[in-house]
Structure formats: C-alpha cells, structure tokens
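The residues making up each chain are set out below.
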Amino acid sequence: MTHKDKKIKYDTLIIGGGISGITACYSLLNKKKDVVLIEKSSHIGGRAFSFFDPSTKEIIDNGQHVIVGACKNFINLISDLGLKNKIVNSKNFRVPVVAGGKTSYLGSRNIPSIVGLAWSIISYSHLKKSDRFKVIFGLLKILMSDIEKETNKHKIFKDWLKGNKQNSSTIKYFWNIIIKPALNDHIEKIDTKYALFVIKKTFLQSQKNLFLGYPSVALSDLWQPIEKKISSSKSSTIKKGRVKKLILEKNLITAAELSNGEVIQANTFVTTIPQKDLFQLFKESEISIDSKLSKKELNNSPIVGIHFWFDKLVMKENYLASADGETQWIFNVSKNHQEKNFHIVISQSAAWNWINQEKEDLKNIFLKEITKILPKSKHAKLLKYSIVKQPNATFRCTPESDESRDIKLPSIENLFISGDWTKTRWPSTMESAVISGNKVANTVLNYMS
Ligand SMILES: Cc1cc2nc3c(=O)[nH]c(=O)nc-3n(C[C@H](O)[C@H](O)[C@H](O)COP(=O)(O)OP(=O)(O)OC[C@H]3O[C@@H](n4cnc5c(N)ncnc54)[C@H](O)[C@@H]3O)c2cc1C
C-alpha cells in the first residue's frame, strides 16, 4: 500500500507548484522523501507557464522568460532535468537595439566578457561619443564599487545614475534597455542595490559565461520531467487544490486542509507561495502575525505580452530591443521555438500604462508602433493576435523591499518558507525561486535528520 492509495502521512507537504515548489520537490524526491505537492491552479510552473489560448488556438507563454549566464542555480536545475539544450544561449549578450529606424548592437559577437561589451559601447551609434564614455564610466564604477556604500549615497537608481555622469540619452539608450526588463520597474523607483547587483551579475562577474538565454520550447515543457518524476514515484504525488488552512497543534503543523475539505498530513510543511498569499493563509489558519507585517507587504509590477501572428516573415533576429517609442523588447517566438509560422511577442515591462487598456486598443497601438521597428510588418497581414496581461508578474525592488523580504514570520517548528520573494538577494526571478527552493529543501532535510 503506498501513499497514493491510502491517506497516510507524507514526509513533506509543499504548498505551491511554482519554480520554487518544484525545485524543493525535486531535491526532496532525489533524497527519497515522500512528498505531496499541492497546487491551486490547473498548471505547474507558477508564474512561468504556457497555456492553450482558445482565441488563437495556439499554446503561448504567460510571459517571455529570459535568463543570464549568472543564473547558475536555474541552469543547474535545467541541466539536471536533461533540458540544457532547450535553453538557447545568445553568447556575449549581443542585443540589437533599434532606434530611429537604425540598429546598433550592445555586446560583441566575438569578444567575450566586459571587454566585448565595452567594445560594443565604443561603437554604439545611438549615443554620441562622449555619452558612450559616460556609459563605460558607469559600468566601471559598478565594477569597482561596493554595492552597500553606493546605496548609502543614492538609494534610488535614478539618483545614482545622475550622480555618476549619466544623462537622459545614456539612460534612454543604455540603462533603461537593461534595467527596466530586468527589474520590471522604472528607474525612479528601483533600489540602487538591486540595479547594481543585476548589472554586476549580468555583465561584470560571469566572465566566461556571459550570455542571454531563453527557452526554445513552451515554458511548461520545462517542468514536464519533474511532473513525470513525481507521477512515476510510488509514494509522492501532485494534488490540484488550494491549501485553505494549516492545522496547528502545540507549535507544530499537523495537516493542511484543502478548499474541497480534504485534510493531508505530513511531518514537515513548506510554503512556496507569494507573500500576499502566505499572509492570507496565516489569517485563514488563525496563525497570528504581527499586525504591522501586512503594512510591509511587497508590492508587485505588471508585464504585458502582445503576441502577433503574421502571414510572412517580419523579423529575422531572435530578439531585439527598441529604444524609442513605446515598444521595449520583441522576441521572435517562431525562430526561437523553431515553429513554421511568423509569431512575435512584444514584451512590455513595468506595464502600468498598458495593464488596464482594452486588448483591441493595445493591438492597434503596437501594430502601428512596430512598423517603425520592423518595416516588413507594413507589408504583412496580421493573421491573429493575443494579449497576455500579468498584473502581479514580479515583486517590486524598491528601497522598502529588503525589509519586506526579511519580515519576521511566526516561528513554527516544522513550517519552512520559500519563494522567489524570500531573502535570496536576487530580484523576482526564476533564479531566486530555484535558490530558495534548494535552500528550503536542505533546511527540511536537516530538520528531518
Ligand atoms: C510575465 C512574466 C515574465 C517574467 N519574466 C521573467 C524573466 O524574464 N526572467 C526571470 O528569471 N523571471 C521572470 N519572471 C518571474 C518568474 O516567473 C518568477 O520569479 C518565478 O516563477 C517565481 O516562482 P515561485 O515559485 O517563487 O512563485 P510562483 O511562481 O508564484 O509560485 C507559487 C505557486 O503557488 C500557488 N499557490 C498560491 N497559493 C496557493 C495555495 N493556497 N494553495 C496551493 N497553491 C497555491 C500558485 O498558484 C503558484 O503556482 C516573470 C514573471 C512573469 C509573470
């Protein structure tokens, strides 16, 4: 008789099947633990998933996901799952940047590391010569600087840029292209610490491993090996359902109750759900938390994806960034996924301006926009489109965020907390989710040993 046949106690119950939850589950399965993973939505992958869109009859991602060479934990997980070849690596971070109908490149084709980046900036035609040296000065300053000290001087990244020789052109044609999508926010709001961390990690540390990576398959395909591993295990399982309540007895959680009334017992409990959901779960479980905590709750930023399918080729690059107009980054989904159609997605970060707009309006605005960036689209017919809005795509990295990530939650002996938002130093990313998932699995194993 196995756990799957009979309701007995699991070693660990994991709440949330996002990247953090599946990483923790994978680590614990590898240590032969009996795990039950509970996910409230119909899919595994959390905020990184694909779905069938009935209006276009296509499988599309909820958002374009990108990694950089420094995302070592995410890359290790993907390699362990045998999927390393499903991530396309664009070496040396070579980004075509389009402005005023012209393309100039950031990152060198042949020269690796910061030398290649510096070389590309020296010939970057969207900036006048003196501004190119200002960007190099800024990068060198980041390379040499102690992040903590820099943050003490300028808490907000915009102030740091202004205090370090940057002007509206260098911000528009260089810093915004990188920082807005990486931190999903405006430079006026971003904590300098996060901006410098991301730039150091992306360009200035992983000297051999400087690349931009993106999946060559639908996002959900990346999680299939984990789903298979769990379903082929004799004593672990995935259950669809919302954990409504944790049952607490003498500072130990004994069971979790799902919204359908099912009660599941385990020795240890891991939550990997977003901070807001965790506060709600504590409330519903009548586990008291400091009333000041909810005031410190992390805020979120939206991302909007505008998908277009044309009748002919409109874009030859795998991806590009646009430095003027509204459009930010465009990905060539057909080329990246090796599909035989002409599908592109425009990815708009910090998308407060777009999140509440009618889909039809967004289609019209961006269809017009891209004729300047992708002139071939003028002569192509739009076959179909889809707009994907993710209002809570990532948590914000403002100067208040660190305190929110470090909040003191009720200490319950066998309850462990994970998720991209926990204290990993990384912003809201898949890398942060994997780091937290691995860390929580180790903590659980130590507790059980
Ligand atoms: C549009 C978009 C674009 C992005 N782009 C990038 C990118 O380019 N690069 C990058 O690295 N990251 C990107 N991210 C961020 C990345 O997806 C997240 O940081 C990461 O997926 C978070 O994983 P997680 O497991 O910590 O949390 P989540 O993915 O939020 O997982 C938590 C899970 O818990 C479930 N849950 C919540 N409450 C309950 C409950 N009570 N019971 C059961 N289940 C529950 C949720 O349904 C969810 O599946 C992007 C995100 C979005 C939305």
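Scroll up to find the structure this text is about.
Let me sum up the structure you'll find in this document. The residue numbers shown here count from 1 along each chain, following its written sequence. Local features in a predicted model are, by the rule used here, given only for residues with pLDDT of at least 70; side-chain atom pairs are given and counted only at 80 or more, and totals for whole chains, interfaces and linings are based on all residues.

**Focus on the site of the ligand**
Using a C-beta atom placed from the backbone, a residue is described as near a molecule or strand when that atom lies within 6 Å of it. Not every one of the 37 residues close to the ligand is listed here, only the nearest: Gly16, Gly18, Gly46, Gly63 and Thr429. Helix and strand definitions here come from DSSP, where helices need a minimum of 4 consecutive H or I residues and strands a minimum of 2 consecutive E residues; each element is numbered from the N-terminal end. Among the elements of the structure, helix H1 (19-30), strand S2 (35-39), helix H10 (275-284), strand S18 (382-395) and helix H14 (430-448) are those that each provide at least two residues to the shell around the ligand. Under the scheme applied here, ten amino acids are nonpolar (Ala, Val, Leu, Ile, Met, Phe, Trp, Tyr, Cys and Pro), four are charged (Asp, Glu, Lys and Arg), and all others, including Gly, are polar. Per-class residue counts for the shell around the ligand are 14 nonpolar, 16 polar and seven charged. In this entry, domain limits derive from an automatic or database-based domain assignment. Residues from two domains meet in the shell around the ligand; each of domain 1 (10-48 + 220-298 + 397-448) and domain 3 (300-395) gives at least three.

**Comments concerning the packing of helix H7 (residues 168-183) against helix H8 (residues 192-205)**
Two quantities define a packed helix pair, namely the angle between the helix axes and the distance between the axes. Contact geometry of H7 with H8 gives a least axis separation of 11 Å together with a crossing angle of 110°. Classified by the angle their axes make, H7 and H8 are roughly perpendicular. Contacts from Ile179, Ala182 and Leu183 of H7 reach H8 at Tyr194, Ala195 and Val198. Tallied by class, the residues present in the contact of H7 with H8 amount to six nonpolar, no polar and no charged. Fitted lines through C-alpha atoms give the axes, limited to the stretch in contact for helices. The angle between two N-to-C directions lies from 0 to 180 degrees. In what follows, roughly perpendicular refers to angles from 65 to 115 degrees, roughly parallel to angles under 35, roughly antiparallel to angles over 145, and oblique to any angle outside these ranges. Once C-beta atoms have been placed from the backbone, residue pairs whose C-beta atoms lie within 7 Å are recorded as contacts.

**Points about H8**
Since there are 3.6 residues in each turn of an α-helix, residues three or four apart along the chain are aligned in direction. Counting other C-beta atoms within 10 Å of a residue's C-beta gives its exposure: the residue is buried at 20 or more, exposed at 12 or fewer, and partly exposed in between, where C-beta atoms are placed from the backbone. For H8, the tally of buried residues reaches 11 of 14 residues, placing the bulk of the element in the interior. Every buried residue of H8 is accounted for by Thr192, Lys193, Tyr194, Ala195, Leu196, Phe197, Val198, Ile199, Lys201, Thr202 and Phe203. The inward-facing, buried residues of H8 contact strand S5 (67-68), helix H3 (113-122), helix H4 (129-144), helix H5 (147-153), helix H6 (157-163) and H7.

**So, the sheet that holds strand S14 (residues 300-310)**
If DSSP finds at least two bridges between two strands, the strands pair. Pairing is mixed across the open sheet formed by seven strands, whose spatial order is S8-S7-S15-S16-S17-S14-S18. Both outer strands of the open sheet, strand S8 (102-106) and S18, are each paired with one neighbouring strand and no more. Here the strands of the sheet are splayed against their neighbours by 25° on average, with no regard to which way each runs. Bridge analysis of strand S7 (residues 95-99) against strand S15 (residues 319-322) gives two bridges, and the strand direction is parallel. Residue pairing across strands places Val97 opposite Ala321, the latter belonging to S15.

Take it as geometry only, folks, not as evidence of what the structure does.
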